[in-house]
Amino acid sequence: MALKRGLPLCLWSPLPRLLLLPLLLRGCLVAAVNLKSSNQNPVVQEFQSVELSCIITDSQTNEPRIEWKKINSEETTYVFFDNKIQGDLAGRAEILSKTSLRIQNVTRKDMASYRCEVVAREDSKAIDEIVIALTVLVKPVAPACRVPQSVPVGKLAMLHCQESEGYPKPTYSWYRNNEPLPMDSKTSPKFRNSSFLLNPTTGTLVFNAVHKEDTGQYYCLASNQAGTAKCEEQEMEVYDLNIGGIIGGVFVVLAVLILISLGIGCAYRRGYFVNSKQNGESYKNPAKSDGVNYIRTDDEGDFRHKSSFVI
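Residues numbered from 1 in each chain as written. Predicted model: local features only at pLDDT ≥ 70, side-chain atom pairs only at ≥ 80, totals over all residues. Heavy atoms only, no water.

A.B. asks: Could you give an account of unusual backbone geometry, with specific residues and numbers?
C.D. replies: Of note, the bond from Tyr 167 into Pro 168 is cis; its omega dihedral lies within 30 degrees of zero at -5 degrees. For Pro 168, the location among the structural elements is in the loop between β14 (157–162) and β15 (171–176). With phi around 75 degrees, Phe 47 is a residue other than glycine that occupies positive phi space. You can see Phe 47 is positioned in the loop between β2 (43–45) and β3 (50–52). A positive phi is found at Asn 178, a non-glycine position, where the angle reads about 65 degrees. Here Asn 178 is to be found in the loop between β15 and β16 (179–180). Residue class for Asn 178 comes out exposed when judged on its relative accessible area of 51%. (Helix = DSSP H or I, 4+ residues; strand = E, 2+ residues; numbered from the N terminus. Buried < 20%, exposed > 50% of the residue type's maximum accessible area, 1.4 Å probe, protein only.)

A.B. asks: Give me the lowdown on the environment of Gln 234, citing residues and values where you can.
C.D. replies: Among the structural elements, Gln 234 can be located in strand β21 (residues 234–239). With a relative accessible area of 26%, Gln 234 lands in the partly exposed category. The sequence separation of Gln 234 and Gly 216 amounts to 18 residues, and the corresponding C-alpha distance is 8.3 Å. A polar contact is formed between the side chain of Gln 234 and the backbone oxygen of Cys 145, at a distance of 3.1 Å. (Polar contact = N/O pair within 3.5 Å; in protein donor to acceptor, adjacent residues only side chain to side chain.)

A.B. asks: Please give an account of the confidence of the model for the protein that cites residues and values.
C.D. replies: Summarising the model, the protein shows a mean pLDDT of 82, and 76% of its residues fall at 70 or more. Counting contacts from residues 1–12, a segment whose pLDDT is below 50, to residues more than four positions away or on other chains yields eight contacts. Scored below 50 in pLDDT, residues 302–311 makes 14 contacts in the model with residues more than four places away or belonging to other chains. (pLDDT = per-residue confidence, 0-100. Contact = heavy atoms within 4.5 Å.)

A.B. asks: I'd like a rundown of the nonpolar core, residues and numbers included.
C.D. replies: Judged by nonpolar contacts, the single largest core of 25 residues is most densely connected at Leu 52, Trp 68, Leu 101, Ile 103 and Tyr 114. The set of elements that each furnish at least two residues to this core consists of β3, β5 (65–71), β6 (76–81), β9 (100–103), β10 (112–119) and β11 (127–137). Residues in contact with Ile 103, not counting those within four places in the same chain, are Gln 48, Ser 49, Val 50, Leu 52, Leu 89, Arg 92, Ala 93, Asp 110 and Tyr 114. By size, the runner-up hydrophobic cluster in this structure holds 24 residues, among which are Cys 161, Phe 191, Leu 205 and Leu 221. (Core = buried A, V, L, I, M, F, W, Y, C linked by side-chain atoms within 4.5 Å.)

Structure (structure tokens):
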């Protein structure tokens, strides 16, 4: 059987027409570039490595152009461009299997969306892209805890715990003498003598009315998917109010004030406190015993006036 030159197989094949159609679709149509990812939402712990999967499934272009971009709320920047790693990933990232991106020593700043773009000029659809959303888990640091040192029986007491570094935001739990506390003391027979509520989201532990049994060493634990961290133990002492002592102290203070008032009154009556104005006038006009009347003027001072003086 002679072949017709210049014609593709799909035009000269003697196969039946029903078998010819698949060959036409496969041999006569030009393929388009298509991408896929084995994981479009990778999750990694901070300081570990992660692969952002970008795979070419269809393309007739042998050397397509590959670009990676980092997209966050602030800006869009190049990660891989002109066949080299760009920006702050230089030295920490590399291209795998022509298109996938591997990042070493991931930090919380690397958490963003990454877009893989492929340009295959020999394909009918020459451009395709896929977006990978990277989540970086950050372990909590030691939370800041505030525990009151001493609280009287029956009074309100609030314990606070807060941590701001972990991602996602951690949840909180409280321990007393190394024993975990439930969120509500009423749900556990072991804590039936207490009256507290724990908010695992805010880290606040509230005692509506503390009891002697609430005395102990307290610490808080912050936890998320990346790990846990706790604060140092702090002691809270619950003490009884000495009502008799308080009343006695009030009477003692009143008695002292009464005695002081009586003493000041007696001192005035006996002349221990002299009028300062009278003392000043006595000093300025001393008594004179020479039998002469003295007249005081502002210009001349004192001069003697005798009865024998004649104008």
